[in-house]
Amino acid sequence: MPETKNPIRKATTAFVNWCADTSPAARLERTIAQGVIGVAASAVANIAGAPEWVTIGLAPTVMAILTPIQAEIGKRADA
């Protein structure tokens, strides 16, 4: 793909490449990012007054949903 000056394209290309990276460091980075997103979602749910069982289960649920999505994005980058 030719170089682009579009900052959004650069960011999305970098994200797809990050998802395709199979190194241990990239896997750890993705796990940490998923955890941060999950904790943020739990905090928002807590502030919104969601029941305790929702806030407790939200972080692992978000991680479980994001993992295969990121893996699929990474597969598409290899194609």
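Cut-offs applied
Residues numbered from 1 in each chain as written. Predicted model: local features only at pLDDT ≥ 70, side-chain atom pairs only at ≥ 80, totals over all residues. Heavy atoms only, no water. Helix = DSSP H or I, 4+ residues; strand = E, 2+ residues; numbered from the N terminus. Salt bridge = Lys/Arg side-chain N within 4 Å of Asp/Glu carboxyl O. Buried < 20%, exposed > 50% of the residue type's maximum accessible area, 1.4 Å probe, protein only.

Draft legend 1. The arrangement of the environment of Asn6 in detail. Tracing the backbone through its elements, the reader meets Asn6 in the segment before helix H1 (7–20). In sequence terms Asn6 and Met63 are 57 residues apart; their C-alpha atoms lie 30 Å from each other.

Draft legend 2. Summary view of the pattern of salt bridges. Per the stated rule, a full pass over the model turns up one salt bridge. Note that Glu72 is salt-bridged to Lys75, the shortest N-O span being 4.0 Å. Taken together, the positions of Glu72 and Lys75, both in helix H3 (residues 52–78) and three residues apart, correspond to about one turn of that helix. The partly exposed category is assigned to Glu72, whose relative accessible area is 32%. By relative accessible area, which is 54% here, Lys75 ends up exposed.

Just distances and angles here, no functional claims.
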